[in-house]
Amino acid sequence: MSDRRTASATTSPNAHKPSTRWRPGRAGRREPPAWTLALADGTDAGFFGPGSAVWAVNGALPTLVAGIRALLLQTLNPGAMAGVHDWSRYREDPLGRLDGTVRWVATTTFGDRASATAASAFVSRLHEHVTGTYVDAHGTERAYAANDEDLLRWVHDAFTEAFIGAHALWGGPIPGGPDAYVREWSQAGLLMGVANPPTTVAELHAEMDAYLAEAKPDARVAEAVRFLRKPRLPGMTGRLYPILFGGAVASLDRHQRELLGLRRPWWPAVTLTRMLIVGGARMLGPVSPSEQNARARVARLAAAAAAGAEGEAATLPGSGKTGV
């Protein structure tokens, strides 16, 4: 997910500590968080790299809408919804949960392989205690655990479908097309413990349809949807959010909206969202801080490799150089 977003400071017990969030200030952009700057470090180009479908999709501003779309879709799995209802602090700290998700997506997308693997392992450790029971769509009580492979697959599929769906409406060309994105981003599912994640759009939609056949749109879902409609975000983020939410709802298909109890906005949500994305790209630039630092890492590694190759060639017999 793109980390080009705004948020206002809030008063908290940790208000005296340096913020972990990157926020454009009144006088311009503030310094990105340390984890974004750390993406310039590392020993390889990562699982994807420049020119990949994942960089094209996850580094683009439609991810602002895709994140909302993904959260809406995720509520429709009763096991996942039970975990969020029982354990998540999204009501008290919506920006905190957003920051955590943005950090994982950005690090997995733009970090080197070690950083991406470590970020996924960190999320898995956070989920170890998220367990409980829920009643499924057929009235049967079942146990859940956030690290269960089935729930992880649902979350991965919902994210993938949301990202590719939002990009289809508001994004640019994808190197290799949508199937390339699903295939490449399946690596993120593997890192989180999903065995054999879908690698084509057709496979992804088939899995989504199977999950949605067991959806349980109950009071918990309605509560989560109400919160996602009006999360009371501060500052400019809060003022622009209704457009992004409307775009996310409009991007869903009719069956998904019906399950969520939502109607397509009467106003031109897709068009206004496009205007907002285009305006945001002009104001913030085409490349996020995460991608800028990742490109710096890739360039540094390429320069080091070239220098090493040149030094090795200089020591070869007949080169006319001593190599000293």
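Digging into helix α11 (residues 235-251)
Okay, step 1: Spanning 17 residues, α11 covers 25 Å between terminal C-alpha atoms, matching the ideal 24 Å at 1.5 Å per step.
Okay, step 2: Y241 marks the point of greatest bend in α11, at about 40°, and the proline P242 comes within the next four residues.
Okay, step 3: The complete set of buried residues in α11 reads T237, Y241, L244, F245, G246, G247, A248, V249, A250 and S251.
Okay, step 4: As for α11, its buried residues are in contact with α3 (63-74), α7 (149-170), α10 (219-229), α12 (254-260) and α13 (269-284).

Some details on the pairing of strand β3 (residues 131-135)
On any regular strand, side chains alternate: one points to one face of the sheet, the next to the other face.
Okay, step 1: Alignment of β3 against strand β4 (residues 141-145), held across five bridges, turns out to be antiparallel. Residue pairing across strands places V135 opposite E141, the latter belonging to β4.
Okay, step 2: Connecting β3 to the next strand, β4, in antiparallel fashion are five residues, including G139 with a positive phi near 85°.

Points about the pattern of salt bridges
Okay, step 1: This structure, assessed with the given rule, holds seven salt bridges.
Okay, step 2: Close ionic contact of R69 with E161 constitutes a salt bridge, the shortest N to O distance being 2.7 Å. Residue R69 is located in helix α3, and its partner E161 is located in helix α7; the two are separated by 92 residues in the primary sequence. E161 carries the same exposure label as R69, and that label is buried.
Okay, step 3: In this structure, the salt-bridge partner of R153 is E149, at a minimum N-O distance of 3.0 Å. In this pair, R153 and E149 both sit in helix α7, four residues apart, roughly one turn of the helix.
Okay, step 4: Salt bridges sharing common partners tie together E149, R153 and E207.

Topic: α13
Okay, step 1: Between its first and last C-alpha atoms α13 spans 22 Å; for 16 residues at 1.5 Å apiece the expected length is 22 Å, and the two agree.
Okay, step 2: Among the residues making up α13, those that are buried are A269, V270, T273, I277, G280 and L284. The buried residues of α13 all sit within an arc of 90° when viewed along its axis, so they share a single face. Turned more than 90 degrees away from the buried face of α13 sit M275, R282 and M283, all of them exposed.
Okay, step 3: Just beyond α13, the residue with positive phi is G285, at close to 95°.

What to know about the nonpolar core
Okay, step 1: L72, W104, Y181, F245 and L260 are the most contacted members of the largest nonpolar core, which has 73 residues in total.
Okay, step 2: Ranked by residue count, the leading element in this core is α7, at 10 residues.
Okay, step 3: In this structure, L260 is in contact with L72, T75, L76, V221, V225 and L252, ignoring residues within four places of it in sequence.

A word on the packing of α7 against helix α9 (residues 201-212)
Okay, step 1: Running from N to C, α7 and α9 point in directions that differ by 120°, and their axes come no closer than 10 Å. By the angle between their directions, the pair α7 and α9 is classed as oblique. For the crossing formed where α7 meets α9, the hand is left-handed. For the pair α7 and α9, the contacting residues are D150, R153, W154, D157, A158, T160 and E161 in the first and L204, H205, E207, M208, Y211 and L212 in the second.
Okay, step 2: A class-by-class count of the residues in the contact of α7 with α9 yields six nonpolar, two polar and five charged.

Quick word on the confidence of the model for the chain
Okay, step 1: Averaged over every residue, the pLDDT of the chain is 86; the share at 70 or more is 85%.
Okay, step 2: Model confidence for the chain, summarised as mean pLDDT per element, is weakest for strand β1 (residues 24-25) at 39 and strongest for helix α8 (residues 178-192) at 98.
Okay, step 3: Low pLDDT (under 50) marks residues 1-29, which in the prediction has 70 contacts with non-local residues, meaning those over four places away or in another chain.

What about unusual backbone geometry?
Okay, step 1: Positive phi, close to 50°, is recorded for N196, a residue that is not glycine.
Okay, step 2: With respect to the element layout, N196 can be found in the loop between α8 and α9.
Okay, step 3: Given a relative accessible area of 67%, N196 falls into the exposed group.
Okay, step 4: Residue R232 is not a glycine yet carries a positive backbone phi of 60°.
Okay, step 5: Considering the arrangement of structural elements, one finds R232 in the loop between α10 and α11.
Okay, step 6: With a relative accessible area of 80%, R232 lands in the exposed category.

Cut-offs and rules
One numbering rule holds for all chains: residues counted from 1, following each sequence as written. Where local features are concerned, this predicted model is filtered to residues with pLDDT of at least 70; where side-chain atom pairs are given and counted, the filter is 80 or more; whole-chain, interface and lining totals use all residues. Computation of side-chain values: all heavy atoms of the structure, hydrogens and water removed. The helix count covers DSSP runs of H or I at least four residues long, the strand count covers runs of E at least two residues long, and both are numbered beginning at the N terminus. Multiplying 1.5 Å by the residue count of a helix minus one yields the expected span of that helix. Here the bend at each residue means the angle between axes fitted to two seven-residue stretches, the one ending at that residue and the one beginning there. Buried means the residue's accessible area, taken with a 1.4 Å probe over protein chains only, is under 20% of the maximum for its type, while exposed means over 50%, and partly exposed covers the values in between. In what follows, residue pairs with any heavy atoms lying within 4.5 Å of each other are defined as contacts. Two strands qualify as a pair provided that DSSP identifies no fewer than 2 bridges between them. Salt bridges are defined by distance alone: a side-chain nitrogen of Lys or Arg within 4 Å of a carboxyl oxygen of Asp or Glu. The reported arc concerns the directions from the helix axis to the C-beta atoms and nothing else. For our purposes a nonpolar core is just a set of buried Ala, Val, Leu, Ile, Met, Phe, Trp, Tyr and Cys residues, chained together by side-chain atoms within 4.5 Å. Working convention: axes come from line fits to C-alpha atoms, limited for helices to the stretch in contact. Angles between N-to-C directions cover 0 to 180 degrees. The labels follow the angle: roughly parallel below 35 degrees, roughly antiparallel above 145, roughly perpendicular from 65 to 115, and oblique for the rest. Each helix crossing is assigned a hand: it is left-handed if the near helix lies turned anticlockwise from the far helix by less than a right angle, otherwise right-handed if that turn is clockwise. Ten residues, namely Ala, Val, Leu, Ile, Met, Phe, Trp, Tyr, Cys and Pro, are considered nonpolar, four, namely Asp, Glu, Lys and Arg, are considered charged, and the remaining ones, Gly among them, are considered polar. pLDDT measures how confident the predictor is about each residue, on a scale from 0 to 100.

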